[in-house]
Amino acid sequence: ETGVTQSPTHLIKTRGQQVTLRCSSQSGHNTVSWYQQALGQGPQFIFQYYREEENGRGNFPPRFSGLQFPNYSSELNVNALELDDSALYLCASSFRGENNEQFFGPGTRLTVL
Amino acid sequence: GENVEQHPSTLSVQEGDSAVIKCTYSDSASNYFPWYKQELGKGPQLIIDIRSNVGEKKDQRIAVTLNKTAKHFSLHITETQPEDSAVYFCAASIGARALTFGSGTRLQVQP
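Residues numbered from 1 in each chain as written. Chains lettered and ligands numbered in written order. Predicted model: local features only at pLDDT ≥ 70, side-chain atom pairs only at ≥ 80, totals over all residues. Heavy atoms only, no water.

1. What to know about the interface of chain B and chain A
Item 1. With 20 residues of chain B at the contact, the number on the chain A side is 21 residues.
Item 2. Carbon and sulfur atoms supply 54% of the area that chain B and chain A bury against each other, a total of about 1,400 Å² over both sides.
Item 3. When the area that chain B buries against chain A is broken down by residue, the three leading residues are Pro44, Ala96 and Phe101 of chain B, summing to 31%.
Item 4. Here chain B and chain A share 0 salt bridges between them.
Item 5. Across the chain B-chain A interface, the total number found is 6 residue pairs in polar contact (both at pLDDT 80 or more).
Item 6. Taken together, the elements giving at least two residues each to the side of chain B that touches chain A come down to strand E4 (32-38) and strand E5 (45-51) of chain B.
Item 7. In terms of residue class, the side of chain B that touches chain A is built from 9 nonpolar, 7 polar and 4 charged. (Contact = heavy atoms within 4.5 Å. Buried area = accessible area lost by both parts, 1.4 Å probe. Salt bridge = Lys/Arg side-chain N within 4 Å of Asp/Glu carboxyl O. Polar contact = N/O pair within 3.5 Å; in protein donor to acceptor, adjacent residues only side chain to side chain. Helix = DSSP H or I, 4+ residues; strand = E, 2+ residues; numbered from the N terminus. Nonpolar A, V, L, I, M, F, W, Y, C, P; charged D, E, K, R; others polar.)

2. Details of the sheet that holds strand E1 (residues 4-7) of chain B
Residues and elements named next belong to chain B.
Item 1. Reading across the sheet, the 5 strands line up as E1-E3-E8-E7-E6 and stay open at both edges, with antiparallel pairing between neighbours. Single-partner strands in this sheet number two, and they are E1 and strand E6 (56-59). Neighbour-to-neighbour, the strand axes of this sheet turn through a mean angle of 15 degrees, independent of strand direction.
Item 2. Pairing of strand E3 (residues 19-25) with strand E8 (residues 72-77), which is carried by 6 bridges, proceeds in the antiparallel orientation. Considered in E8, the bridge of Thr24 is made with His72. (Pairing = 2+ DSSP bridges. Axes fitted to C-alpha atoms, helices over the stretch in contact; angles between N-to-C directions.)

3. Description of the packing of aromatic side chains
Item 1. Taken as a whole and assessed by the stated rule, the structure comprises 13 aromatic pairs over all chains.
Item 2. A ring pair is formed by Phe104 of chain A and Phe101 of chain B, whose centres lie 6.1 Å apart and whose planes are at 70 degrees; its orientation type is edge-to-face. Of this pair, Phe104 of chain A sits in strand E10 (residues 103-104) while Phe101 of chain B sits in strand E10 (residues 100-101), which puts the two residues in different chains.
Item 3. A residue is classified by how much of its surface remains accessible, and Phe104 of chain A, at 3% relative accessible area, is buried.
Item 4. Aromatic rings pair up to connect Tyr35, Phe45 and Phe104 of chain A together with Tyr36, Phe89 and Phe101 of chain B into one cluster. (Phe/Tyr/Trp six-rings, centres within 6.5 Å; stacked < 30°, edge-to-face > 60°. Buried < 20%, exposed > 50% of the residue type's maximum accessible area, 1.4 Å probe, protein only.)

4. Quick word on unusual backbone geometry
Item 1. Across the junction of Ser7 of chain A and Pro8 of chain A, the peptide omega takes the value -10 degrees, indicating a cis bond.
Item 2. For Pro8 of chain A, the location among the structural elements is in the loop between strand E1 (5-7) and strand E2 (10-13).
Item 3. In this structure, Pro8 of chain B follows His7 of chain B across a cis peptide bond, with omega equal to -5 degrees.
Item 4. Along the polypeptide, Pro8 of chain B turns up in the loop between E1 and strand E2 (10-14).
Item 5. Phi is positive for Ala80 of chain A, which is not a glycine, with a value near 45 degrees.
Item 6. For Ala80 of chain A, a relative accessible area of 41% corresponds to the partly exposed category.

5. Overview of the pattern of salt bridges
Item 1. Here the structure, examined in full by the defined rule, presents 7 salt bridges over all chains.
Item 2. For Arg63 of chain A, the salt bridge is made with Glu82 of chain A, and the minimal N-O distance between the two is 3.3 Å. Here the residue Arg63 of chain A occupies a position in the loop between strand E6 (53-57) and strand E7 (64-68), and Glu82 of chain A occupies one in the loop between strand E8 (74-78) and strand E9 (87-94), the gap between them amounting to 19 residues.
Item 3. A relative accessible area of 40% means that Glu82 of chain A is categorised as partly exposed.
Item 4. The salt bridge partner of Arg51 of chain B is Asp49 of chain B, with a shortest N-O separation of 4.0 Å.
Item 5. Through salt bridges with shared partners, a single ionic network connects Arg63, Glu82 and Asp85 of chain A.

Structural measurements only, silent on function.
If you want it as structure tokens, here you go:
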């Protein structure tokens, strides 16, 4: 167990709705990264948060947004959901420095109907 | 941006045999190369990593090798056991930046 927790574990939404996913980072970590994993594929980087600011973003549209809180927990928000947004959303926490070990949570399975 | 290719996509071995998974990366600036194991319904678990100043690293039955000149790195699992069955992902990054993952290898260890 990594100590990274995510909620909810599963979620079903309909196209056009909005969703918020949550992540609590491992104790002592100050950086949170979010990844999208489609079925049968490797995780794809969405964005990273460090000191409550976005610190790098992958090839995802602006309807994917996030927050990091003073306790280093984080939220991923997705607006105007599309069918292709159905995936496992993974949160990874790390301590920013020379060491880039990222530890993943169990993920949130989002299904968009 | 970085591109990571991983082979094979599936690998079946007999219990006790060795398994090797290979990855290549495109960005010569990448300096951190972790390997993750993902079991069904779980998030990826970091099993070993290597940095660009090291050529090989071992941890019990698992080893990773890195060839910076050829831009490829490999995972070696010896004495495989049924509990090693999972999907394995390689990844690459530059410092503390985003990880770029390979497409995964489904390893099946036959008892």
